[in-house]
Amino acid sequence: MLEILRPGVQTTVQDLGRQGLRHLGIAVSGALDRPALRLANRLVGNPEGAAGLEIVIGPVVIRFHRAGFLALTGADFDGTLDDAPVRSGWRQGVRAGQVLTLHGCRQGMRAYLAVDGGIDVPPVLGSRATDIKAGFGGHQGRALRAGDHLNQGEPVPLKGRIGCRLPVWSPALRSIPGPEYDEFSPESRDIFWNSEWAVSPQSNRMGYRLQGEPLIREAGDDLLSHGVLPGVVQVPPNGQPIVLLADAQTTGGYPRIAVVIEADLWKLAQARPGARLRFACCTEADAVQALQQSRDKLDLFEQEAYGHRSECGRG
Amino acid sequence: MQKRFTNKSSTMRFRMVGHGDLLPAKQAASSSEGRPAMEGEVRFYLMGERAAVLASRAPASLPCQRRIWWIADRLHGDAGLIDIVPGMNNLTLIFDPLSVDGKALLDRLRALWLQAGQAEETSREVSIPVSYGGTDGPDLGEVSHHTGLNEEEVIARHSGAEYVVYFLGFQPGFAYLGGLPESLVTPRRAEPRLAVPAGSVGIGGSQTGIYPTVTPGGWQIIGRTEVPLFAPSLCTPTLLLPGDRVQFIPVAADRA
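What counts, and at which threshold
- Residues numbered from 1 in each chain as written.
- Chains lettered and ligands numbered in written order.
- Predicted model: local features only at pLDDT ≥ 70, side-chain atom pairs only at ≥ 80, totals over all residues.
- Heavy atoms only, no water.
- Helix = DSSP H or I, 4+ residues; strand = E, 2+ residues; numbered from the N terminus.
- Buried < 20%, exposed > 50% of the residue type's maximum accessible area, 1.4 Å probe, protein only.
- Contact = heavy atoms within 4.5 Å.
- Areas by Shrake-Rupley, 256 points an atom, 1.4 Å probe, with all protein chains shown as cover.
- Rg over C-alpha atoms; globule rule 2.2 N^0.38 Å.
- Lys, Arg positive; Asp, Glu negative; His and termini not counted.
- Charge placed at Lys NZ, Arg CZ, Asp CG, Glu CD.
- UniProt positions renumbered as here; feature names shortened; annotations may be inferred.
- Pairing = 2+ DSSP bridges.
- Axes fitted to C-alpha atoms, helices over the stretch in contact; angles between N-to-C directions.
- Phe/Tyr/Trp six-rings, centres within 6.5 Å; stacked < 30°, edge-to-face > 60°.
- Lys NZ or Arg CZ within 6 Å of the ring centre and 35° of its normal.
- Expected span 1.5 Å × (residues − 1).
- Polar contact = N/O pair within 3.5 Å; in protein donor to acceptor, adjacent residues only side chain to side chain.
- pLDDT = per-residue confidence, 0-100.

### Describing the overall build of chain B
Point 1. Scanning chain B from terminus to terminus reveals five helices and 14 strands.
Point 2. For chain B, buried positions account for 56% of its 256 residues.
Point 3. Considering only intrachain contacts with a sequence separation of at least 6, the fraction spanning at least 24 residues in chain B is 67%.
Point 4. Only carbon and sulfur atoms are counted for the fraction: they give 55% of the accessible area of chain B, which is about 10600 Å².

This is how it looks when you write it as structure tokens:
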């Protein structure tokens, strides 16, 4: 069992989200940095869709009531287990009673904590993800508070420490031109690809609001409400783009200038307010290849970790 | 036809429904019902690498929406399809791009659109009791003022109309309803409320609907219902489903 002593800015239980229910208005939710949650789970021997904690900046303090293993991925946190340093990207043994403290992070802003057996909250509509907006799933449908206790699933037999290098963050979001791309002025299309966009402090799990020179849609009718998904870049009348993320509503009506590819969505999860981002044009084929590569990397890691090759660290 | 206040259905499938007898004369006259639609009336496109879209060009019509429900039902259970999301006269398919070829999926959508026929008559009618005005409907006066109708007339016209659920979106269980009488069209509030109570019935422009959960919102709130619209513990977690016919029944407030 885990006991939350300090929850930080926003700590939630998340898995890979709630799929197949968007026609009922139910958002996907789940980890914003999906590759990070997948990696954390693999490090502690869980199925990659097991529930872990999504932690937004610190300080976060968690007490472990059961011996087992943990892994931290995503943001590069400065953490300690009792007094010993904890490194992101590594599996680490934990004794009952030990306290994990995450101070600040050197890079990124969302960390993922996986424990062996996963966080055992009851699944709601097929997922353990917290839908904070609608108030269900996860732990009582809300962000964690001091004093919350979370059960762990059945422990997985594991031995030793093992780790992997975390992906390197870059500000480039590979994107595919969206359905209304051609309706924006040529100048606006140029600005979209060739200028830097600052992450607004008003960004959250629903979407990242970006600030820059306004984009002007020259032609086109009002759109009828249509399905949207994480990665869609909407441009409301103020011309400032919004990139939708996991908690976004299921349908929208704003023009879509582009769609950030799934393989690069994690970069938004790790971009802090004020960070500067840019969009890089790519094709559907590039996007599929990038997604395949990111999955292959996880598979390769696992072969290295659990097979007998030694490039990925064993300690 | 069944009447109900609670959702006992355990199916997650789209139901094929018919509304031919309910079409306003204006819509029926301008619709393409009864003949195959020209492909030029709709667009088929990919949205990113993992969504395929069928979108009719405006204006929205119920016959077109019925085709969309028909297609959604045919696609249900297709391998590699993650979500099938009807919108207003459009349909978005979210798929796993590592197992589904987007362009082939667009071809399948084109073919389905050309063969899409009439839907079966399995419609449900859902009656929703609403306490209008007072603390439950703080903007009833504003709607009355804007429309020039007195409050009783607003209530009579709002509850006298029959609505059709076009699709669900915005938040879990929120239904986009077609059928608001033109005489009730009222602009959204200048200042959205930070928290609209669950069950609030509102008018926003030419739309009406019910907020299933507490949310910020800018619609004019004219009443409230106690009927739960979203219950995540149920197998079918939303009261309303695309294709349902909805009627609002005025009731006296039973809250203190």
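### Brief notes about the overall build of chain A
Point 1. The secondary structure content of chain A amounts to four helices and 19 strands.
Point 2. In terms of overall size, chain A behaves like a compact globule, its C-alpha atoms giving a radius of gyration of 20 Å where 315 residues would be expected to give roughly 20 Å.
Point 3. The principal-axis extent of the C-alpha atoms belonging to chain A is close to 65 × 40 × 35 Å.
Point 4. Each of the 315 residues in chain A was classed as buried or not, and the buried ones make up 59%.
Point 5. Across chain A, contacts joining residues at least 24 apart in sequence account for 76% of those joining residues at least 6 apart.
Point 6. Accessible surface, chain A: about 12400 Å² in total, of which carbon and sulfur atoms supply 50%.
Point 7. Taken as two groups, the 34 positive and 34 negative side-chain charges of chain A have centres that lie 7 Å from each other.

### Looking at unusual backbone geometry
Point 1. Residues other than glycine seldom take positive phi values, yet A:Leu125 does so here, at roughly 50 degrees.
Point 2. Within the fold, A:Leu125 resides in the loop between β8 (99-115) and β9 (149-150).
Point 3. Unusually for a residue other than glycine, B:Asn89 sits at a positive phi of about 60 degrees.
Point 4. Here B:Asn89 is to be found in the loop between β4 (81-87) and β5 (90-95).

### Quick notes on the UniProt feature "domain: Carboxyltransferase" (unreviewed entry) in chain A
Point 1. If you check UniProt for "domain: Carboxyltransferase" (unreviewed entry), the listed places come out as residues 23-298 of chain A in our numbering.
Point 2. Secondary structure across residues 23-298 of chain A comprises 14% helix and 32% strand; the distance between its end C-alpha atoms is 31 Å.

### A closer look at the sheet that holds strand β19 (residues 276-281) of chain A
Residues and elements named next belong to chain A.
Point 1. A barrel is described by the order of its strands in space; here seven strands give the closed sequence β11-β18-β15-β16-β13-β12-β19, paired in mixed fashion. With direction set aside, neighbouring strand axes in the sheet form an average angle of 40 degrees.
Point 2. Helix α2 (residues 186-194) contacts β11 (172-177), β12 (197-199), β15 (232-234), β18 (256-260) and β19 of the sheet and is inclined by roughly 115 degrees relative to β19.

### Quick look at the pairing of β8(A)
Residues and elements named next belong to chain A.
Point 1. Burial within β8 is extensive, with 13 of its 17 residues counted as buried.
Point 2. Both strand β3 (residues 52-56) and β8 contribute to a ladder of four bridges, which runs antiparallel. Looking at the pairing, Ile55 lines up with Ala111 of β8.
Point 3. In this structure, strand β4 (residues 60-64) lies alongside β8, joined through four bridges in antiparallel fashion. Bridge pairing in β8 links Ile62 to Leu100.

### Considering the packing of aromatic side chains
Point 1. The final tally for this structure, using the stated rule, is twelve aromatic pairs over all chains.
Point 2. A network of ring pairs unites the aromatic residues B:Phe167, B:Phe170, B:Phe174, B:Tyr176, B:Tyr211 and B:Trp219 as a single cluster.
Point 3. The cationic tip of A:Arg91 hangs over the ring face of A:Phe69; the distance from NZ or CZ to the ring centre is 5.5 Å.
Point 4. Just above the ring of A:Tyr181 sits the side chain of A:Arg189; from NZ or CZ to the centre is 5.6 Å.

### Thoughts on helix α2 (residues 62-75) of chain B
All names here are of chain B.
Point 1. Compared with an ideal rise of 1.5 Å per residue, which puts 14 residues at 20 Å, α2 spans 20 Å between its outermost C-alpha atoms and is within 8% of the ideal.
Point 2. For α2, the tally of buried residues reaches 13 of 14 residues, placing the bulk of the element in the interior.
Point 3. Near the N-terminus of α2, the side chain that reaches the backbone nitrogen of Cys64, with its oxygen 3.3 Å away, is that of Ser61.
Point 4. Positive backbone phi, approximately 90 degrees, marks Gly77, located one or two places after α2.

### Concerning the confidence of the model for chain B
All names here are of chain B.
Point 1. For chain B, the mean per-residue pLDDT works out to 84, and 81% of the residues sit at or above 70.
Point 2. The model gives residues 1-38 a pLDDT under 50, and that stretch makes 101 contacts with residues more than four places away or in other chains.
Point 3. In the model output, the complex is listed with pTM 0.89 alongside ipTM 0.93.

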